Amino acid sequence: MKALFIGGTGTISTAIVRRLAEELGWEVWLLNRGNRQEVVPEGVHQIICDISDEAAAERALEGMSFDVVNEFIGFTPDQVERDYRLFKDKTKQYIYISSASAYNKPAANYIITEGTTLANPHWEYSRNKIKCEEFLMKKYREEGFPVTIVRPSHTYDERNVPLGVHGKKGFFQVIKRMQEGKPVIIQGDGTSLWTVTFNKDFAIGYTGLMGNRHAIGEAFQITGDETLTWNQIYQTIADALGVELKPYHVSSDYLSAVGDKYGFDFEGSLTGDKSVSVVFDNSKLKRVVPDMRTTVRFDQGVRIALDYVLSHPECQVEDTEFDQWCDKVISVLEGTKNNI
C-alpha cells in the first residue's frame, strides 16, 4: 500500500508515518518543504515542494498515484479545493484532518458523537474546518470523491505538554512557573471535562481507517478513552515535576477579555474549545477499527513528554510576555478581592 502525506512531520502525523513505515510496511511519501528531516523515518520518501504552489505540486506529482492521500495542513476551503484538483484522479482515498473543535460549543449533550452538530461561533479556525468538511462531502455525494474526515481533539507527543492556558510561544512557560513555585492560571474552576490523547494511540485509530472501504464518505473522531478534569490534568503535570501545584482559577470570559489586546485568542481556544466539558463516544471508530485502544495513560504520557522536554533545551522556549501577563492578571484579581 502506498500513502502520501501532505505535511507528515507534525505532532499527529509523525506518529502515523512512523507506524506505517516501521510497523505496517507501507510505502510512505511526504510532500512538504523539508524543514524537519530529523523526524522522518528511514525509508520514507520525500517530495520537497510547497503545496501552496499548485503548479509546482502538479509537476512534482506527475505520473504518481496513491492508495491514500493524507491532508494534515489544510485549514481553509481554498486549500482543500486545491487538493481536490490535484488528487481527484490520483488516489483511492483522501483523508482530511478536521478538528473536534468544530463541534457546537456548547453542544446539547456533553457526550460527543460524529453526529453532534458542527457549529462554532467563537473560533474562525473551527468554522474554516467546517467549511472544508462541507466542500469535501459535497464532492463525495456528487462525484464519489473518496473522502474520509478525521476529527482529532487534544493530541500531544513527547515534545508537548497539553495545557489550557498558555502564551503564543507554547507550554513551557507554564512548566517553568510550576517549577518556580508560582501560581498557574487554569480556566474556569478547573472541573470541566477534557480528553488528551498521546499521538502513538491516535496513530492506531488513524492507520486503521487507511485503505478501509468502510471509512469512505464517513467522519470519525479519534481520541483516547481517558477523561480528566483540567484540575486533574494540571495536578498530574505538577506531580510528574515533583512540585506543589498552585492553581489560580480565572473565568474563560475574563481571560478572553484581558488576553485579546496581547494577541492571546482565548475566546477561540477556551470558549470555543477547552473550557467546555466534552466526553467523546468513539464507538463508531471502534466498530471500523477494532484495534483502537488507549495504551498510554496521561500520567504516563506526561512523564514521557516532560523527560524529553527537560532534557532537550530547544524545547524549553520561555515566554516572558506571557509570564508577566499572568502575574498582572493575578495581581489585579487579588486586588479586586481586597477592595470588596
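Structure first, text after, so check above.
Reading the values: rules and limits
- Residues numbered from 1 in each chain as written.
- Predicted model: local features only at pLDDT ≥ 70, side-chain atom pairs only at ≥ 80, totals over all residues.
- Heavy atoms only, no water.
- Helix = DSSP H or I, 4+ residues; strand = E, 2+ residues; numbered from the N terminus.
- Rg over C-alpha atoms; globule rule 2.2 N^0.38 Å.
- Buried < 20%, exposed > 50% of the residue type's maximum accessible area, 1.4 Å probe, protein only.
- Contact = heavy atoms within 4.5 Å.
- Phe/Tyr/Trp six-rings, centres within 6.5 Å; stacked < 30°, edge-to-face > 60°.
- Lys NZ or Arg CZ within 6 Å of the ring centre and 35° of its normal.
- Axes fitted to C-alpha atoms, helices over the stretch in contact; angles between N-to-C directions.
- Parallel < 35°, antiparallel > 145°, perpendicular 65-115°, else oblique.
- Left-handed = near helix turned anticlockwise from the far one by under 90°.
- Nonpolar A, V, L, I, M, F, W, Y, C, P; charged D, E, K, R; others polar.
- Pairing = 2+ DSSP bridges.

Structural notes on the overall build of the chain
Next up, step 1: Scanning the chain for helices and strands turns up 12 helices and 14 strands.
Next up, step 2: Radius of gyration (C-alpha) of the chain: 21 Å, near the 20 Å computed for a compact globule of 340 residues.
Next up, step 3: Expressed along its principal axes, the backbone C-alpha trace of the chain runs to roughly 70 × 45 × 40 Å.
Next up, step 4: Taking all 340 residues of the chain together, 55% fall into the buried category.
Next up, step 5: Here the contacts in the chain between residues at least 6 apart in sequence split such that 78% fall between residues at least 24 apart.

Notes on the packing of aromatic side chains
Next up, step 1: Going through the model one piece at a time under the given rule, you end up with 18 aromatic pairs.
Next up, step 2: The interplanar angle of 80 degrees and the centroid separation of 5.2 Å between the aromatic rings of F264 and W325 together place this pair among those described as edge-to-face. On the criterion of sequence distance, the pair formed by F264 in the loop between α8 (252–259) and α9 (266–274) and W325 in helix α12 (residues 320–339) is long-range, its members being 61 residues apart. Each member of the pair, F264 together with W325, is buried.
Next up, step 3: The structure contains a cluster of three or more aromatic residues connected by ring pairs, namely Y262, F264, F266, F322 and W325.
Next up, step 4: The ring centre of F66 lies 5.1 Å from the NZ or CZ of K2, which sits over that ring.
Next up, step 5: One residue, K284, lies across the ring of F220, its end atom 4.9 Å from the ring centre.

Focus on the packing of helix α3 (residues 77–87) against helix α4 (residues 124–143)
Next up, step 1: Look at α3 against α4: their axes get within 8 Å of each other, and the N-to-C directions meet at 30 degrees. Classified by the interaxial angle, the pair formed by α3 and α4 is roughly parallel. Of the two elements, α3 crosses α4, and the hand of that crossing is right-handed. Of α4, the residues touching α3 (which contributes P77, V80, E81 and Y84) are N128, K131, C132, F135, L136, K139 and E143.
Next up, step 2: Looking at the contact of α3 with α4 residue by residue, the classes come out as six nonpolar, one polar and four charged.

Structural notes on the sheet that holds strand β11 (residues 219–222)
Across a sheet, strands are paired by hydrogen bonds formed along the backbone, either parallel or antiparallel in direction.
Next up, step 1: Across the sheet, which stays open at both edges, the seven strands sit in the order β3-β2-β1-β4-β5-β7-β11 with parallel pairing between neighbours. Each having just a single partner strand, β3 (45–48) and β11 make up the two edges of the open sheet. The mean angle between the axes of side-by-side strands here comes to 20 degrees, regardless of whether they run parallel or antiparallel.
Next up, step 2: Inspection of the sheet shows strand β2 (residues 27–32) paired to β3 by four bridges, in the parallel sense. By the bridge assignment, N32 is partnered in β3 with I48.
Next up, step 3: Running at roughly 150 degrees to β2, helix α1 (residues 11–24) makes contact with β1 (2–6), β2 and β7 (147–152) of the sheet.

Side note on the sheet that holds strand β8 (residues 154–156)
Next up, step 1: Across the sheet, which stays open at both edges, the three strands sit in the order β8-β10-β12 with mixed pairing between neighbours. What marks the edges here is a single partner per strand, and that holds for β8 and β12 (227–229). Put simply, the sheet's adjacent strands are angled 45 degrees from each other on average, direction ignored.
Next up, step 2: Two strands pair when backbone bridges link them, and β8 and strand β10 (residues 193–198) are joined in this way by three bridges, in the parallel orientation. Each residue of the ladder has a partner; that of H154, found in β10, is V196.
Next up, step 3: Sheet strands in contact with helix α7 (residues 230–241) are β8, β10 and β12, and its direction is about 90 degrees off that of β12.

Details of the pairing of β10
Next up, step 1: Judged by how many residues are buried, β10 sits mostly within the fold: five of six residues are covered.
Next up, step 2: Pairing of β10 with β12, which is carried by three bridges, proceeds in the antiparallel orientation. Note on β12: the bridge partner recorded for W194 is L228.

Points about the packing of helix α5 (residues 172–179) against α12
Next up, step 1: Following both chains from N to C, one finds α5 and α12 inclined at 55 degrees, their axes separated by 9 Å at the closest point. Relative to α12, α5 is oriented oblique. Of the two elements, α5 crosses α12, and the hand of that crossing is right-handed. Between α5, through Q173, V174 and R177, and α12, the contact on the second element is made entirely by T320, F322, D323, C326, D327 and I330.
Next up, step 2: Here the residues of the contact of α5 with α12 are counted per class, giving four nonpolar, two polar and three charged.

Everything listed here is a matter of geometry and, on its own, says nothing about what the molecule does.
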